[in-house]
Amino acid sequence: MQSFMHTPLTLQSKLPSVGTTIFTVMSALAAEYKAINLGQGFPDFPMSGELTDLVSKAMRDGFNQYVHGNGYLPLREAIAGKVQYLYGTELSADSQITITPGGTYALFTAFATLLQPGDEVIVFEPAYDCYIPQIELMGAKAVTINLVFPDYRINWEAVKEAIHERTRAIVINTPHNPTGAVWSAADMKQLEDIVQNTQIAIISDEVYEHLIFDGLPHESILKYPALRERAFACFSFGKVYHCTGWKMGYCIAPADLMSEFRKIHQFNVFTCDTPKQVALAEFLKDRQQYTGLGAFLQQKRDYFQQLMAQTRFRPLPSHGSYFQLYAYEAISGEPEKDFAVRVTKEAGVATIPVSAFYRQPVDNGVLRFCFAKKEETLEAAVERLKGM
Ligand code: PMP
Ligand code: GLN
C-alpha cells in the first residue's frame, strides 16, 4: 500500500490581527455566566407578528424562487417611496437601489466596489467593528481619527489634515454605534466643503436612521445632493423591524456607482431571500412602523437612564442608536475590557467595552449598554448593577 506524507495545508491570513468579534466574545461570556446580555445589540422583545405573517403568506403564495439579483422590484420601489417621503429625494428603483443580505454586506460590497490597493479611507474611532477589516481586505488602508471624548464629536481640523491624494473615502455613521452621537446639519456642511472638487467617496452607514431621539432630525446623506452623488448609503431592516437575525438590508448609490456595485453583488450572493423581500415590500407601506421607532426607543433609553441613576455608573449623552455609554470612574480604575469581564462574572450583566471599537488603544473607562430590551430585562440588569 502506498503511504503519503502528511502535509498540512498552510495559508497566509488575510486578516492576521483579527480575532473573534467582541460581540461574539461577550455574548458567549454572558451565556457561560448566565448574565443578562446588554452587550451585543439586539432586541429581546418580539418583532411584528404582522410582518412574520406576511413572510409565511409570501411562502404559501409561491414566492420561493430567485427574484431579480438587484432585489424584488416592489421592495425597491417601496424604498424609493420611503426615501422620497423622508428625505425629499427622488431615486430610481431600477438603477440606484440594491437589496442586500444585511448592512454589513452592503458595506463590504461598497468598499469592494470603490477601493484599490493602497487607497486610504478615513474612519472615525470608536468605529463599528467591520469597517477596518473590510477596508484592509481590499488592500486599502484605514486612517483613523478619534472622535472627541466625551461627546464624540468630529474634529474637522483633524479630518482636513488627514486628507491627501491617496484618500479615497470617508466612512460616516449617524446615529453612531457605539456612542449614540448624532451628526448635525453643520457636520454635513463641513463634510460637503471637504469633499467638493475631490475624488473622495462617502460610505454612509445609516442602519440606525430611525433610532434617533430628542427631536433631532436624521441627517441622511441622501438629503445632500453634493454628497449623495459620491456616496454609498447602507441600511439594515434588522434595526428597523426588530429582526437583527433576518440579515436584510440595502444599498443606495448613484446609478454609475451602483452598476459597478452590482457586478460584485451578482457573483457574491446574486440575490437575497425572496419571501422576506415580498413581505417587506408590503410592510413598508405602513409608515407608522418606522416613524414611531424613535419615540419607542427613546422611552427605553429614558427608562434605562432612570433605573441606572440608582447605580454608581455615570451616563454619557446618547441621542440615537440602541446604545447608551456609561463611565465607571466612581467604581473602578480598571481597563474597560477587564472591568466588562468582571461585571459579567460578578454582577451578571454583559456589556461591551468601548475600547474594542478602537484600533489604537484608547481607554476612557466607558462601557456600552444596549437598552433595546424589555422593561423587565432592564430592571433585572440594573438590580444586579446596584451591587457594583
Ligand atoms: N452598521 C452598524 C453601525 C451596526 O451597528 C450594524 C449591526 N447592527 C451593522 C452596520 C450591520 O447590520 P446588519 O446586521 O444588517 O448586517
Ligand atoms: N451591531 C451589533 C452591535 O453593535 C452587533 C452585530 C454583530 O454581532 N456583528 O452590537
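Here's a quick rundown of the structure. (Residues numbered from 1 in each chain as written. Chains lettered and ligands numbered in written order. Predicted model: local features only at pLDDT ≥ 70, side-chain atom pairs only at ≥ 80, totals over all residues. Heavy atoms only, no water.)

### Concerning the pairing of strand S8 (residues 249-252)
The side chains of a regular strand alternate between the sheet's two faces. Side-chain alternation along S8 places Gly 249 and Cys 251 on one buried face and Tyr 250 and Ile 252 on a second face that is also buried. Bridge analysis of strand S2 (residues 97-100) against S8 gives 4 bridges, and the strand direction is antiparallel. For Ile 99, the partnering residue across the bridge sits in S8 and is Tyr 250. Alignment of strand S7 (residues 231-236) against S8, held across 4 bridges, turns out to be antiparallel. The residue of S8 that forms the bridge with Cys 234 is Cys 251. (Buried < 20%, exposed > 50% of the residue type's maximum accessible area, 1.4 Å probe, protein only. Helix = DSSP H or I, 4+ residues; strand = E, 2+ residues; numbered from the N terminus. Pairing = 2+ DSSP bridges.)

### Let's talk about the site of ligand 1
The local shell around ligand 1 consists of Gly 102, Gly 103, Thr 104, Tyr 128, Asn 173, Asn 177, Asp 205, Val 207, Tyr 208, Ser 236, Lys 239 and Lys 247. A distance of 2.8 Å separates an oxygen atom of ligand 1 from a polar backbone atom of Gly 103. Coverage of ligand 1 by the protein amounts to 93% of the 390 Å² it exposes when considered alone. Taken together, the residues that form the shell around ligand 1 break down as 3 nonpolar, 6 polar and 3 charged. (Near = heavy atom within 4 Å. Polar contact = N/O pair within 3.5 Å; in protein donor to acceptor, adjacent residues only side chain to side chain. Areas by Shrake-Rupley, 256 points an atom, 1.4 Å probe, with all protein chains shown as cover. Nonpolar A, V, L, I, M, F, W, Y, C, P; charged D, E, K, R; others polar.)

### Observations regarding the pattern of salt bridges
Scanning all chains against the criterion turns up 17 salt bridges. Residues Arg 153 and Asp 151 are paired through a salt bridge, measuring 3.6 Å at the closest nitrogen-oxygen approach. The residue Lys 263 makes a salt bridge to Glu 260 at a minimum N-O spacing of 2.7 Å. Separated by 3 residues within a single helix, Lys 263 and Glu 260 lie in helix H10 (residues 255-268), roughly one turn from each other. For Glu 260, a relative accessible area of 37% translates into the label partly exposed. (Salt bridge = Lys/Arg side-chain N within 4 Å of Asp/Glu carboxyl O.)

### With respect to the sheet that holds strand S12 (residues 352-353)
Within a sheet, adjacent strands bond to each other through the backbone by hydrogen bonds, running parallel or antiparallel. One open sheet holds the 4 strands; their spatial order is S9-S10-S13-S12, and the pairing between them is antiparallel. Looking at the sheet topology across the chains shown, the edges are occupied by strand S9 (314-315) and S12. Across 5 bridges, strand S10 (residues 323-327) lies against strand S13 (residues 366-370) in antiparallel orientation. Considered in S13, the bridge of Leu 325 is made with Arg 368. Its contacts with the sheet put helix H13 (residues 293-308) on S10 and S13, and the angle it makes with S10 is roughly 20°. (Contact = heavy atoms within 4.5 Å. Axes fitted to C-alpha atoms, helices over the stretch in contact; angles between N-to-C directions.)

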